Amino acid sequence: MVYAVGALEAALANDRRFMALHKCFLLDECRLIVPSAVRSELRLRPGGKEPTAVLKACRTEWEDETGVVHEYMIDFMVTGKASRVDAMVAATAVAHRAIVVTTEVNALELMWAVDDVDRPMSIISI
C-alpha cells in the first residue's frame with residue numbers, strides 16, 4: 001500500500017475510516033510505503049505536522065534519481081498532467097505493484113498519469 005497525502009491527512013484528523021483501514025493493513029501485514037514527496041508536502045501545509053503513529057508502521061521511499069521510481073515519476077510528469085507529488089505516488093505504486101490509498105477527490109488524476117497497460121495501478125479512496 002502506498003499512502004498519498006490525503007491518507008496521511010486523514011490520519012492526522014483521526015478519521016475513523018482511514019484508521020480502521022490502516023489497522024486492517026497492519027493485521028494483514030501489508031507493506032506500507034510513504035513516498036518522501038508526500039512527507040515533504042505534509043510539512044509544507046499549515047501546521048506542518050505528520051502522523052507519527054501511522055508513519056512508524058510505514059517505510060519512507062526516498063527519491064533516488066538513479067532508480068526505477070524516479071524514471072517512472074519523470075515519465076508520468078512528462079506524458080501526463082500529474083503534479084510532482086502525484087507522479088511520485090503513482091511511480092512508487094507502479095514500481096512496487098502496490099495500491100494507492102487516498103482521500104483526495106482527484107485520485108483519478110493518478111490513474112490518468114498511469115495510462116500504460118503494462119504498468120497498472122489501483123486506488124482505494126476513503
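All values reported here derive from a predicted model rather than from experimental measurement.

(A) Highlighting the overall build of the protein chain. The number of helices and strands found in the protein chain is 7 helices and 5 strands. Moving toward the C terminus, one meets the helices and strands of the protein chain in the order β-α-α-β-α-α-β-α-α-β-α-β. Every one of the 126 residues in the protein chain was classed for burial, and the buried ones make up 48%. Sequence-distant contacts, at least 24 apart, represent 65% of the contacts inside the protein chain between residues at least 6 apart.

(B) Spotlight on the packing of aromatic side chains. Counted under the stated rule, the structure contains 2 aromatic pairs. Residues Tyr-3 and Phe-18 carry aromatic rings whose centres are separated by 5.2 Å and whose planes lie at 70° to one another, so their mutual orientation is edge-to-face. Taken together, the positions of Tyr-3 in strand S1 (residues 2-3) and Phe-18 in helix H2 (residues 16-27) put the pair 15 residues apart, joining distant regions of the chain. You'll find Tyr-3 and Phe-18 in the same group, each marked buried.

The rules behind each value
Residues numbered from 1 in each chain as written. Predicted model: local features only at pLDDT ≥ 70, side-chain atom pairs only at ≥ 80, totals over all residues. Heavy atoms only, no water. Helix = DSSP H or I, 4+ residues; strand = E, 2+ residues; numbered from the N terminus. Buried < 20%, exposed > 50% of the residue type's maximum accessible area, 1.4 Å probe, protein only. Contact = heavy atoms within 4.5 Å. Phe/Tyr/Trp six-rings, centres within 6.5 Å; stacked < 30°, edge-to-face > 60°.

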